[in-house]
Amino acid sequence: MLAEQYPYAHAELDFRNPFELLVATVLSAQTTDVRVNQVTPVLFARYPDARSLSEAELPDIEEIIRPTGFFRAKAKSLHTLSQRIVDEFDGVVPGTLAELVTLPGVGRKTANVVLGNAFGVPGITVDTHFGRLAKRFGWTASDDPVVVERDVMELFEPRDWTMLSHRVVFHGRRVCLARRPACGACAVATLCPSFGEGETDPAKARKLLRFELAPGKEALHAEMLANTDNAAAIRQRTESDAAGVSP
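Calculation rules
Residues numbered from 1 in each chain as written. Predicted model: local features only at pLDDT ≥ 70, side-chain atom pairs only at ≥ 80, totals over all residues. Heavy atoms only, no water. Buried < 20%, exposed > 50% of the residue type's maximum accessible area, 1.4 Å probe, protein only. Helix = DSSP H or I, 4+ residues; strand = E, 2+ residues; numbered from the N terminus. 1 Å grid on protein atoms, 1.4 Å probe; cavity = no way out; pocket = protein on both sides within 12 Å on 5 of 7 lines; lining within 4 Å. Points joined across faces, edges and corners; volume = space filled by probe spheres on them. Nonpolar A, V, L, I, M, F, W, Y, C, P; charged D, E, K, R; others polar. Contact = heavy atoms within 4.5 Å. Salt bridge = Lys/Arg side-chain N within 4 Å of Asp/Glu carboxyl O.

Enquirer: Describe unusual backbone geometry, naming the residues involved and giving the relevant values.
Expert: Phi at Phe 70 is positive, roughly 50°, even though this residue is not glycine. Given the relative accessible area of 58%, Phe 70 is considered exposed. For Asp 90, which is not glycine, the phi dihedral falls at a positive 55°. Note that Asp 90 resides in the loop between helix H6 (71-89) and helix H7 (97-100). Using a relative accessible area of 69% as the deciding quantity, one classes Asp 90 as exposed.

Written out as structure tokens, the structure reads:
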């Protein structure tokens with residue numbers, strides 16, 4: 001059902017290569033993907049690869065990424081992980097979980113994002129949204145991301161793991177919200193053991209929906225459904241329009 005609801009689901013961090021996705025994912029901690037996407041074009045224009053970022057001055061990195069929050073800690077992580085990539089991996093982002101998690105600021109979640117979306121290696125990405133929905137759906141009883149990952153992996157085929165992660169996160173950001181889930185407008189309501197935790201009245205629930213599912217966004221939703229392969233570009237355009245900048 002989630003596949004039918006979100007055929008256009010995709011990574012909402014903008015990237016062109018594994019290095020950019022790794023950096024963007026590190027920056028995404030405690031902030032929004034939209035905010036990260038506003039910062040990374042400037043960062044990558046100045047520091048397009050691990051070597052250039054490893055040679056950058058920390059204050060320069062900090063100034064660019066300041067809007068993402070916790071910018072000093074993030075700048076230090078980006079600087080040191082870039083140095084490690086240069087020194088230990090010849091400047092190329094490694095393509096295994098075991099290697100990625102040795103980099104500063106990179107845990108299993110970040111590693112799985114990079115592996116699944118930049119290297120095509122299936123993985124479950126347990127972020128805040130995925131962990132919340134996995135419990136609501138009854139897929140796990142744990143709050144431990146590692147345990148959640150293991151529990152969900154046992155329920156689905158490896159070929160589905162990466163897209164499942166995207167679809168669950170999309171649903172968590174748009175419908176199954178943390179404080180007020182829109183139960184009455186949920187495509188999986190009839191299967192959800194947590195139905196009723198949120199607003200069950202369909203009309204009231206629809207008002208809670210976000211992004212392309214929000215009231216008034218019907219044309220955007222239709223465009224994304226009709227152009228699933230270009231959904232990321234459509235999202236980038238709408239983010240740029242909202243920010244008042246050129247895409």
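Enquirer: Residue-level account of the layout of surface pockets, with values.
Expert: Space inside the largest pocket adds up to approximately 1300 Å³. In terms of lining, the largest pocket is formed by 44 residues, of which the most central are Glu 12, Asp 33, His 129, Val 169 and Arg 173. If you list the elements that add at least two residues to the lining of the largest pocket, you get helix H2 (18-27), helix H3 (33-46), helix H8 (108-118), helix H9 (128-136), helix H11 (161-174), helix H13 (218-226) and helix H14 (231-243). At 7 residues, the largest contribution of residues to the lining of the largest pocket is made by H11. Of the residues that constitute the lining of the largest pocket, the class distribution is 15 nonpolar, 15 polar and 14 charged.

Enquirer: Can you explain the side chain of His 171? Please cite residues and give values.
Expert: Turning to its location among the elements, His 171 is positioned in helix H11. Taking the relative accessible area as the measure of exposure, His 171 reaches 0% and is therefore buried. Leave out the neighbours within four places in its chain, and His 171 touches Leu 2, Tyr 6, Leu 133, Phe 137, Cys 176, Cys 186 and Val 188.

Enquirer: A description of empty space enclosed by the protein should follow, citing residues and the corresponding values.
Expert: Summed over the entire model, instances satisfying the criterion amount to 1 cavity of 30 Å³ or more. As a volume, the largest cavity reaches approximately 100 Å³. The wall of the largest cavity is formed by 14 residues, among which Cys 176, Pro 181, Cys 183, Cys 186 and Cys 192 lie closest to the centre.

Enquirer: Got a sec to walk through the pattern of salt bridges? Specific residues and values, please.
Expert: Taken as a whole and judged by the stated rule, the model has 15 salt bridges. For Arg 16, the salt bridge goes to Glu 20, with nearest N and O atoms at 2.6 Å. A relative accessible area of 4% means that Glu 20 is categorised as buried. When the shortest N-O distance is used, the salt bridge between Lys 135 and Asp 143 registers 3.1 Å. When its relative accessible area of 65% is taken as the criterion, Asp 143 is described as exposed. Among the charged side chains, a salt-bridge network with shared partners connects Glu 12, Asp 33, Arg 173, Arg 174 and Glu 212.

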